Amino acid sequence: MELWVGTSNSGKMTEIKNFFMGTNVQVHSISELPVYSSPKETGDSFIANARIKAKALKSVKSGVWIMAEDSGLEVMGLNNMPGIHSARYAGEKAKDAENIAKLLKMMSLRSATHREAQFKCAMVVYDPEGNESVFEGLLKGTISRSPKGTSGFGYDPVFIPEGYDKTIAELAPIEKNKISHRVQALRQFKKSFL
Ligand code: ITT
């Protein structure tokens, strides 16, 4: 199966490639296309944005499997922010470290006592005939007081999954790929189509 993934996030791409390793799925990314500009994420939900990204790739790549996902972090003490704005929380071109710094600052400014948080992933898949499927994943945890660890990407250095005493960035990538919100959605994809 040839699967094209509509993401420009190399951290996501690595996790998706690792997930399908050893299967008959050949994973391709938009970086292999000679010209491609990612669409604006104008949706008001994770699913809407995942659909925008999947449809954009489908419009230039027909007759293959297409997947895109939208994901983010919801923090209870911040009224579920940054949510769909996770990638650009500290600004349009914000780096992961800047987003994390803003998150910790917002939590201290608001004296946010509710450090419970969750990662969400919505994945939209089109089969080669253009039929759509949607899969979702959720990982609950808490936000740490300071960043720890170097593995993964995004908010991994400040997210402690439920049942763990380390941030995701302190876990080996193989451990993250057993529990993550993205892997939960990917497992449903695998169960449905492989
Ligand atoms: P694409 O839209 O090109 O896929 P993106 O990084 O802009 O790349 P999103 O719009 O879905 O992707 O935003 C996801 C953001 O949420 C991501 O940049 C991280 O800041 C955060 N995030 C999502 N999944 C994460 C994970 O597994 N670990 C840490 N942070 C994560």
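Residues numbered from 1 in each chain as written. Predicted model: local features only at pLDDT ≥ 70, side-chain atom pairs only at ≥ 80, totals over all residues. Heavy atoms only, no water.

Peer 1: Any chance you could break down the side chain of asparagine 49 for me, citing the residues and the numbers?
Peer 2: Take asparagine 49: it is sitting in helix α2 (residues 46-58). Contact partners of asparagine 49, with chain neighbours within four places excluded, come to Glu41, Thr42, Gly43, Asp70 and Ile84. (Helix = DSSP H or I, 4+ residues; strand = E, 2+ residues; numbered from the N terminus. Contact = heavy atoms within 4.5 Å.)

Peer 1: Tell me what's going on with unusual backbone geometry, and back it up with residues and numbers.
Peer 2: A cis amide bond links methionine 81 with the next residue in sequence, proline 82, at an omega value of -5°. Along the chain, the position of proline 82 falls in strand β4 (residues 81-82). A positive phi angle, close to 50°, is found at asparagine 79, a residue other than glycine. Tracing the backbone through its elements, the reader meets asparagine 79 in the loop between β3 (65-75) and β4. Notably, asparagine 80 is not glycine yet its phi reads approximately 70°, a positive angle.

Peer 1: Lay out the site of the ligand in plain terms, naming residues and giving numbers.
Peer 2: As a structural note, the neighbourhood of the ligand is formed by 21 residues, with Thr7, Lys12, Lys53, Asp156 and Lys176 the closest of them. Computed on the free molecule, the ligand has an accessible area of 600 Å², of which 94% lies beneath the protein chains in the complex. Secondary structure elements with two or more residues in the shell around the ligand: β3 and α5 (181-193). Split into classes, the residues belonging to the shell around the ligand amount to four nonpolar, eight polar and nine charged. (Near = heavy atom within 4 Å. Areas by Shrake-Rupley, 256 points an atom, 1.4 Å probe, with all protein chains shown as cover. Nonpolar A, V, L, I, M, F, W, Y, C, P; charged D, E, K, R; others polar.)

Peer 1: Tell me about helix α3 (residues 96-109), and name the residues and values.
Peer 2: With 14 residues, α3 extends 20 Å from end C-alpha to end C-alpha; this agrees with the ideal 20 Å at 1.5 Å per step. By the burial criterion, the buried members of α3 are Asn99, Ile100, Leu103, Leu104 and Met107. Seen end-on, α3 carries its buried residues on one side only, within an arc spanning 130°. Of the exposed residues in α3, those oriented more than 90 degrees away from the buried face are Ala97, Lys105, Ser108 and Leu109. Buried positions along α3 lie against β3, β4 and β6 (132-143). A positive phi of about 45° marks serine 111, the residue just after α3. (Expected span 1.5 Å × (residues − 1). Buried < 20%, exposed > 50% of the residue type's maximum accessible area, 1.4 Å probe, protein only. Arc of directions from axis to C-beta.)

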